[in-house]
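Coordinate analysis (summary)
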Amino acid sequence: MATAGAGGDSGGAAGRALPPRSPSGLVLQTVEMHTGGEPLRVVPRLEAAEQAAARGLSLLSLRREVAATQDHVRRALMHEPRGHAGMYGAVVVRGEAAADGAHLAALFLHGAGYSAMCGHAVLALGRFALDYGLVPAPTRPETAVRLRCPCGPVTAFVPWDGQRSGNPVRFHSVPAFAAATDLAIDIPGRGKVVVDIGYGGTFYAFLSAEQLGLDVCSSKTRDLVSAASAVTEAVKEQFKLHHPESEDLAFLYGTILTDGKDAFSEEPTTNICVFADEQVDRSPTGSGVTARVALQYHKGLIQLNQSRTFRSSTTGSLFTGKAVKAIKFGDYKAVIVEVSGEAFYTGTATFTVEEEDPLKYGFFFK
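We now turn to the structure provided with this report. These numbers were taken from a predicted model, which means no experiment stands behind them.

What counts as what
- Residues numbered from 1 in each chain as written.
- Predicted model: local features only at pLDDT ≥ 70, side-chain atom pairs only at ≥ 80, totals over all residues.
- Heavy atoms only, no water.
- Salt bridge = Lys/Arg side-chain N within 4 Å of Asp/Glu carboxyl O.
- Helix = DSSP H or I, 4+ residues; strand = E, 2+ residues; numbered from the N terminus.
- Phe/Tyr/Trp six-rings, centres within 6.5 Å; stacked < 30°, edge-to-face > 60°.
- Buried < 20%, exposed > 50% of the residue type's maximum accessible area, 1.4 Å probe, protein only.
- Pairing = 2+ DSSP bridges.

**Quick notes on the pattern of salt bridges**
- With the rule as written, the count across this model stands at 13 salt bridges.
- Across the salt bridge formed by Asp71 and Arg74, the nearest N and O atoms sit 2.7 Å from each other. Of this pair, Asp71 and Arg74 both sit in helix α4 (residues 71-78), separated by three residues, roughly a single helical turn.
- When the shortest N-O distance is used, the salt bridge between Lys236 and Glu233 registers 3.8 Å.

**With respect to the packing of aromatic side chains**
- Scanning the model with the defined rule gives twelve aromatic pairs in all.
- On the basis of an interplanar angle of 40 degrees and a centroid distance of 6.0 Å, the ring pair of Phe177 and Phe329 is categorised as tilted. Of this pair, Phe177 sits in strand β10 (residues 177-187) while Phe329 sits in strand β17 (residues 318-329), placing them 152 residues apart in sequence. Each member of the pair, Phe177 as well as Phe329, carries the same accessibility label: buried.
- Centre to centre, the rings of Tyr253 and Phe275 are 5.2 Å apart; their planes meet at 40 degrees, and the pair counts as tilted. Residue Tyr253 is located in strand β13 (residues 252-258), and its partner Phe275 is located in strand β14 (residues 269-275); the two are separated by 22 residues in the primary sequence.
- Overall, the relative accessible area of 2% leaves Phe275 in the buried class.
- Within the aromatic cluster, the residues linked to one another by ring pairs are Tyr88, Tyr204, Phe206, Phe251, Tyr253 and Phe275.

**Section: the pairing of strand β5 (residues 104-110)**
- Among the seven residues in β5, seven count as buried, and that is most of the element.
- Burial along β5 is two-sided: the face carrying Leu104, Ala106, Phe108 and His110 and the face carrying Ala105, Leu107 and Leu109 are both buried.
- Relative to β5, strand β4 (residues 88-94) runs antiparallel, the two sharing seven bridges. Across the sheet, Val93 pairs through a bridge with Ala105, a residue of β5.
- Where β5 and strand β7 (residues 142-149) come together, two bridges link them in parallel fashion. Within the sheet, the bridge partner assigned to Ala105 lies in β7 and is Arg148.
- Two elements, β5 and strand β6 (residues 114-115), share two bridges in a ladder whose sense is antiparallel. Pairing of Phe108 across the sheet is with Ser115, part of β6.
- Between β5 and the antiparallel strand that follows it, β6, lie three residues.

The following block contains the structure:
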């Protein structure tokens with residue numbers, strides 16, 4: 001459906017359907033979605049990525065190759081003037097290139113680079129896969145969509161009425177675990193705090209905003225972002241992460257500040273996720289919910305199949321999460337977590353890039 005390549009001919013109705021552009025300039029077609037308010041700009045096809053995947057690269061290796069050779073695509077779509085500081089995206093890798101029995105693979109994009117996992121994107125891509133025919137024979141009332149993510153395989157379960165997908169969508173995570181609990185960290189200028197570090201496809205530091213003199217529900221977002229970013233930098237300097245399968249995954253993606261309500265309750269618990277280069281997730285954060293459920297299970301605060309509701313402090317949107325299976329993952333006692341939320345389409349877009357534009361690949365500032 002969509003490619004990233006040279007512009008077409010300049011004559012005829014097809015040529016006039018797009019603005020005038022450089023003959024060699026990019027034309028990028030996208031499907032626009034959001035999950036819980038967090039945007040997802042889907043690139044249905046990037047030929048360079050599929051050609052690289054066809055050479056047998058692992059998805060982590062493919063991520064490195066795309067970052068090295070196609071990063072202009074990410075910058076053009078994530079940064080201004082086409083994107084914004086909170087933009088998020090996914091490049092879909094389809095067909096044989098997805099491999100390993102998956103319906104599709106995905107590379108996740110954001111303002112600062114590439115992520116290993118993105119739960120809100122998986123929920124949206126589950127719907128996308130059905131509606132755009134990437135699953136050969138969808139079944140009613142729900143279809144399993146198998147996705148390959150850089151962190152590993154995940155499965156989305158998507159309502160299907162025979163014509164179109166629906167909500168809510170849920171997914172089963174990669175093995176999630178507690179990497180560290182009650183870890184004392186010294187935050188320059190802020191004092192000592194105690195954090196937990198959980199893995200849900202990527203690593204996050206967790207702590208209550210109260211430890212930093214803030215309220216996750218009422219403090220100004222810029223104050224929460226500044227504090228969370230300070231925690232992220234301090235944890236990176238003071239704690240070494242380890243992943244059982246790949247050191248490429250052993251990096252801290254961000255910090256999630258919570259309301260401190262980790263013990264099981266029927267009431268929602270609120271958090272804000274600050275990731276990458278001070279980017280704020282508008283949703284409750286799918287991989288963050290996965291990691292937080294793993295931590296709560298590890299601490300004995302929830303049991304298997306005991307569902308909790310997580311609220312975003314930025315939009316009020318809700319995800320649910322529960323541990324559905326206990327497993328061993330390397331040296332860790334891990335769980336498979338089910339996360340559920342609602343994803344919606346917001347449109348489609350065709351973006352053009354003129355070679356003579358000095359800002360053709362975007363710009364970014366805070």
